[in-house]
2 protein chains.
Amino acid sequence: MKKICAHPHPPRREKISDLTGRLRRESRKITGPRAAILEILHAHPHPLTNREILSALPKSSCDLATVYRSLHLLEKMGMVKRYHFHDGAARFELVGAGDNGHHHHLVCVNCAGVVEIAECFPEEIEKKIARTNGFKNVTHKLEFFGTCPKCQA
Amino acid sequence: MKKICAHPHPPRREKISDLTGRLRRESRKITGPRAAILEILHAHPHPLTNREILSALPKSSCDLATVYRSLHLLEKMGMVKRYHFHDGAARFELVGAGDNGHHHHLVCVNCAGVVEIAECFPEEIEKKIARTNGFKNVTHKLEFFGTCPKCQA
DNA sequence: CGCGTGTTGCAAACGATTTGCAATTAAAAA
DNA sequence: TTTTTAATTGCAAATCGTTTGCAACACGCG
């Protein structure tokens, strides 16, 4: 119920120094907690909850509130993306430098294991939907749910 | 920030008596609160939060906890479907009798107005995703977000 | 090295949702 | 219709994820 299933990974990765550089450029401080959080996000290429990040952090590096605040900041700067899976908790994943981070996941409803999915909702159809309804700046949230191989007992 | 935008509606509708019948068949009681909640869901063909349902109910028909419990029951019986839009609150929408209720929404990020969307994620691609990753019983959650005509100031 | 502003820890506040329990009531049984 | 019984409700307290006020603190510029 807690393990992570198989998950092939895209090659986009960014050096930690690049990450901190982005922070510095916006006159934000590179504090201990932030550096540690970036390390964790960098090491776990899956959406993580605030609590998961906290417990992955070296021996009480910081307070849970700081994790929340850091992720807000990173999200506002476009460095992480927020996801919502089955439970109520928000999850965050690092976004590559050039990358806009838009992609989807296939989540196991049993063990919560995550696989990144390359496929996306067809752009032309999304445009048509926007046009038909007179909406602007239309985007989408899309996640797949199912039972992973290991959990098909 | 609170009004509902335009929203064409599919013809699927079910008589209240059919709804209560479904309850009765599972030896659940047709109580005042439940009947009232079904009325509201039937009258508002959009996903509603528990709180919205409560305040739409005739003059304190019941407690908020009862709304929560009723919607859990209805969800478990497959009579309503749960959605998550931008804010943290769950929203529920009645599911037609034959219908499995699977459809998506286009939500205005400004006024929270909702439009039902007929389009769905291509089934063959979903099947391919499931096959490729060895997952079973794969479904998806898909919602569109954008700015509705009225909110494009 | 000292200062000023961005940051943090802590605890309290919050909003959504859940739950224990005793009182209530719809529906089956008599 | 009355009785019986199990489902249901109200209320308040408990949870959970998340946010925030505030005083203490620490980057990093000069």
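That block above? That's the structure.
Since the structure is predicted, the reported quantities are computational estimates derived from the model, not experimental observations. (Residues numbered from 1 in each chain as written. Chains lettered and ligands numbered in written order. Predicted model: local features only at pLDDT ≥ 70, side-chain atom pairs only at ≥ 80, totals over all residues. Heavy atoms only, no water.)

### What to know about the sheet that holds strand 6 (residues 136-147) of chain B
Alright, step 1. The sheet built from 6 strands is open, its strands ordered 5(A)-4(A)-6(A)-6(B)-4(B)-5(B) with mixed pairing. Bordering the open sheet on either side are strand 5 (114-117) of chain A together with strand 5 (114-117) of chain B, each of which pairs with just one other strand. The average undirected angle you get between the axes of adjacent strands in this sheet is 25°.
Alright, step 2. Relative to strand 5 of chain B, strand 4 (residues 104-108) of chain B runs antiparallel, the two being bridged by 4 bridges. Note on strand 5 of chain B: the bridge partner recorded for histidine 105 of chain B is glutamate 116 of chain B.
Alright, step 3. Strands strand 6 (136-147) of chain A together with strand 4, strand 5 and strand 6 of chain B of the sheet are contacted by helix 5 (residues 123-133) of chain A, whose axis makes an angle of about 130° with strand 6 of chain A. (Pairing = 2+ DSSP bridges. Helix = DSSP H or I, 4+ residues; strand = E, 2+ residues; numbered from the N terminus. Axes fitted to C-alpha atoms, helices over the stretch in contact; angles between N-to-C directions. Contact = heavy atoms within 4.5 Å.)

### Comments concerning the packing of aromatic side chains
Alright, step 1. Applying the stated criterion to the full structure yields 5 aromatic pairs over all chains.
Alright, step 2. Ring plane angle 75° and centroid distance 5.1 Å describe the contact between phenylalanine 121 of chain A and phenylalanine 144 of chain B, whose orientation is recorded as edge-to-face. One end of the pair, phenylalanine 121 of chain A, is in the loop between strand 5 and helix 5; the other, phenylalanine 144 of chain B, is in strand 6, on a second chain.
Alright, step 3. Taking relative accessible area as the criterion, phenylalanine 144 of chain B reaches 0% and is therefore assigned buried. (Phe/Tyr/Trp six-rings, centres within 6.5 Å; stacked < 30°, edge-to-face > 60°. Buried < 20%, exposed > 50% of the residue type's maximum accessible area, 1.4 Å probe, protein only.)

### Remarks on the interface of chain A and chain B
Alright, step 1. Contacts between the two partners involve 32 residues from chain A and, on the opposite side, 32 residues from chain B.
Alright, step 2. Counting the surface lost from both chain A and chain B, the interface buries some 2,700 Å², and carbon and sulfur atoms represent 69% of this.
Alright, step 3. Per-residue buried area on chain A facing chain B is highest for Phe135, Lys141 and Phe144 of chain A; these three make up 22% of the total on that side.
Alright, step 4. Linking chain A with chain B are 2 salt bridges.
Alright, step 5. Its salt-bridge partner being lysine 128 of chain B, residue glutamate 119 of chain A comes within 3.2 Å of it at the nearest N-O pair.
Alright, step 6. Applying the counting criterion to the chain A and chain B interface returns 10 residue pairs in polar contact (both at pLDDT 80 or more).
Alright, step 7. For the side of chain A that touches chain B, the secondary structure elements donating two or more residues are strand 4 (104-108), strand 5, helix 5 and strand 6 of chain A.
Alright, step 8. Considering every element that reaches the side of chain A that touches chain B, the biggest residue donor is strand 6 of chain A, with 12 residues.
Alright, step 9. In terms of residue class, the side of chain A that touches chain B is made up of 17 nonpolar, 9 polar and 6 charged. (Buried area = accessible area lost by both parts, 1.4 Å probe. Salt bridge = Lys/Arg side-chain N within 4 Å of Asp/Glu carboxyl O. Polar contact = N/O pair within 3.5 Å; in protein donor to acceptor, adjacent residues only side chain to side chain. Nonpolar A, V, L, I, M, F, W, Y, C, P; charged D, E, K, R; others polar.)

### Here we look at the protein's contact with DNA strand C
Alright, step 1. Surrounding DNA strand C, one finds 22 residues, the nearest of these being Lys29, Arg34, Thr66 and Arg69 of chain A together with Tyr68 of chain B.
Alright, step 2. Sugar and phosphate atoms constitute 62% of the interface atoms of DNA strand C, taking the interface as everything within 4 Å of the protein.
Alright, step 3. Take arginine 34 of chain A: an N or O atom from its side chain is 2.6 Å from a phosphate oxygen of DNA strand C.
Alright, step 4. Take isoleucine 30 of chain B: an N or O atom from its main chain is 3.1 Å from a phosphate oxygen of DNA strand C.
Alright, step 5. At the level of elements, helix 2 (32-43) and helix 4 (64-76) of chain A together with helix 3 (50-56) and helix 4 (64-76) of chain B are the ones that each hand at least two residues to the surface near DNA strand C.
Alright, step 6. Tallying contributions element by element places helix 4 of chain B first for the surface near DNA strand C, with 5 residues.
Alright, step 7. Residues belonging to the surface near DNA strand C are distributed by class as follows: 9 nonpolar, 5 polar and 8 charged. (Near = heavy atom within 4 Å.)

### Side note on the relation of the copies chain A and chain B
Alright, step 1. Of the two same-sequence chains, chain A is brought onto chain B (RMSD 0.1 Å, axial shift 0.0 Å) by a rotation of 179°. Interpreted geometrically, this transformation is the action of a two-fold axis. Proximity to the rotation axis, assessed at the C-alpha, singles out leucine 142 of chain A in chain A; its C-alpha lies 2.2 Å from the axis.
Alright, step 2. When you check the interface residues of chain A against chain B, 100% turn up at the interface there too, and the contact is symmetric in its surfaces. (Least-squares fit on C-alpha atoms with pLDDT ≥ 70 in both.)

### Some points on helix 1 (residues 16-25) of chain A
Alright, step 1. Those residues of helix 1 of chain A lying buried are Leu19, Thr20, Gly21, Arg22 and Leu23 of chain A.
Alright, step 2. For helix 1 of chain A, the secondary structure elements touched by its buried residues are helix 2, helix 4 and strand 3 (90-94) of chain A.

### Some words on the layout of surface pockets
Alright, step 1. The space that makes up the largest pocket amounts to roughly 960 Å³.
Alright, step 2. As for the largest pocket, its lining consists of 38 residues, of which His84 and Lys141 of chain A together with His84, Lys141 and Glu143 of chain B are closest to the centre.
Alright, step 3. Only strand 2 (80-84) and strand 6 of chain A together with strand 2 (80-84) and strand 6 of chain B provide two or more residues apiece to the lining of the largest pocket.
Alright, step 4. The biggest single contributor to the lining of the largest pocket is strand 6 of chain A, with 7 residues.
Alright, step 5. Here the residues of the lining of the largest pocket are counted per class, giving 10 nonpolar, 16 polar and 12 charged. (1 Å grid on protein atoms, 1.4 Å probe; cavity = no way out; pocket = protein on both sides within 12 Å on 5 of 7 lines; lining within 4 Å. Points joined across faces, edges and corners; volume = space filled by probe spheres on them.)

### A few points about the environment of glycine 134 of chain B
Alright, step 1. Along the chain, the position of glycine 134 of chain B falls in the loop between helix 5 (123-133) and strand 6.
Alright, step 2. Apart from the residues within four sequence positions on either side, glycine 134 of chain B is in contact with Thr147, Cys148, Pro149 and Gln152 of chain A.

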